[in-house]
Amino acid sequence: MTRGDTGPDFIEALARGLDVIRVFRPGRPVMSLTEVAAAAGLARPTARRILLTLQELGYARSEQGGFVLTPRVLELGVSYVRSMGLWEVARPHLERLVTLTHESCSIAQLDGSDIVYVARVAVPKIVTLSVQIGTRFPALQTSLGKVLLAALSPAEVDRVLAEPSRSGIEPRWQPDAKEREAVLRAVRAKGWAMTDEQLALGIRSVAAPLRDGLGNVIAAVNVNAHAAETSIEKLTEEHLPLLLKTASAISADWALYEAVPHVTAS
């Protein structure tokens, strides 16, 4: 993996281990030693030692003549979510929103030019793209991403979107800079965003920002629907008011959560 300048405390072995974990992507659950080494830019002996270490720690296992990650890798991402406390704060609100809308609801944050899902309550429906905790999509083509990008300055938007997506997805909508800015300007004015099959066929959603006690956007929450089942009118006239109310409630609870001193027992 290409890296920029690193400081004197940079641990190359740790970075290489994370590189190996990241080469396992959708559509490539099982990879040979040669494939892992090539994808991570490592020598075969180095890749082998890392894979065997991950296997010993329970993060990988041998399968079908190659290696596959285990569900234990999810602990790394879940640790991030738990450290924030956002899931604990948002969960009852998301569950209530799902009960009212009968649609899946998620929370995501920005990571480079992608959004990454950090919380989700799903209903069983057949959708074009599978979503779970840790899933990433190109930000600009999602309602969640539009909300998060709209919270940035134009210069920050340019910088963020200059980074290549790591989602592995080619979105349907490819706006130029002028159209993009017009869309984000509208999101800022309305306070919410919608996407209608701009990422992939069949995906339609609305999203709203989650804010901390200072008014800063910390994440976004959405209601996701299948375009064949839920019209734009139903999404904006019925689900959107419930979503905005939920976003406000989560933001208020998060502000209270931040204000309370948290003591960790030793």
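See the structure shown above.
On a predicted model such as this, the values are computed, not experimentally measured, just so you know.

How each quantity is defined
- Residues numbered from 1 in each chain as written.
- Predicted model: local features only at pLDDT ≥ 70, side-chain atom pairs only at ≥ 80, totals over all residues.
- Heavy atoms only, no water.
- Helix = DSSP H or I, 4+ residues; strand = E, 2+ residues; numbered from the N terminus.
- Rg over C-alpha atoms; globule rule 2.2 N^0.38 Å.
- Buried < 20%, exposed > 50% of the residue type's maximum accessible area, 1.4 Å probe, protein only.
- Contact = heavy atoms within 4.5 Å.
- Areas by Shrake-Rupley, 256 points an atom, 1.4 Å probe, with all protein chains shown as cover.
- Pairing = 2+ DSSP bridges.

S.K.: Is there a simple way to explain the overall build of the protein chain in this structure?
M.R.: Looking only at helices and strands, one finds nine helices and nine strands in the protein chain. Its C-alpha atoms give the protein chain a radius of gyration of 20 Å, within 12% of the compact-globule value 18 Å for 266 residues. Principal-axis analysis of the C-alpha atoms places the extent of the protein chain at approximately 60 × 50 × 40 Å. Counting the 266 residues in the protein chain, one finds 43% classified as buried. Intrachain contacts of the protein chain at a sequence separation of at least 6 include 57% that bridge at least 24 residues. With the model as given, the accessible surface of the protein chain reaches about 14400 Å², and the carbon-plus-sulfur share is 55%.

S.K.: How should the pairing of strand β2 (residues 60-63) be read in this particular structure?
M.R.: Where a strand is regular, its side chains alternate between the two sheet faces. Pairing analysis gives four bridges linking β2 to strand β3 (residues 66-69), with the strands arranged antiparallel. When the sheet's bridge partners are listed, glutamate 63 is paired in β3 with glycine 66. Counted between consecutive antiparallel strands, the loop separating β2 from β3 contains two residues, among which glutamine 64 sits at a positive phi close to 55°.

S.K.: Can you help me understand the sheet that holds strand β1 (residues 30-31) in this one?
M.R.: Spatially, β1-β3-β2 is the arrangement adopted by the three strands of the open sheet, whose pairing is antiparallel. Looking at strand neighbours, the two that pair on one side only are β1 and β2, the edges of this open sheet. Of the strand pairs in this sheet, β1 and β3 are connected by two bridges, and their pairing is antiparallel. Across the sheet, the residue bridging to methionine 31 is phenylalanine 67, located in β3.

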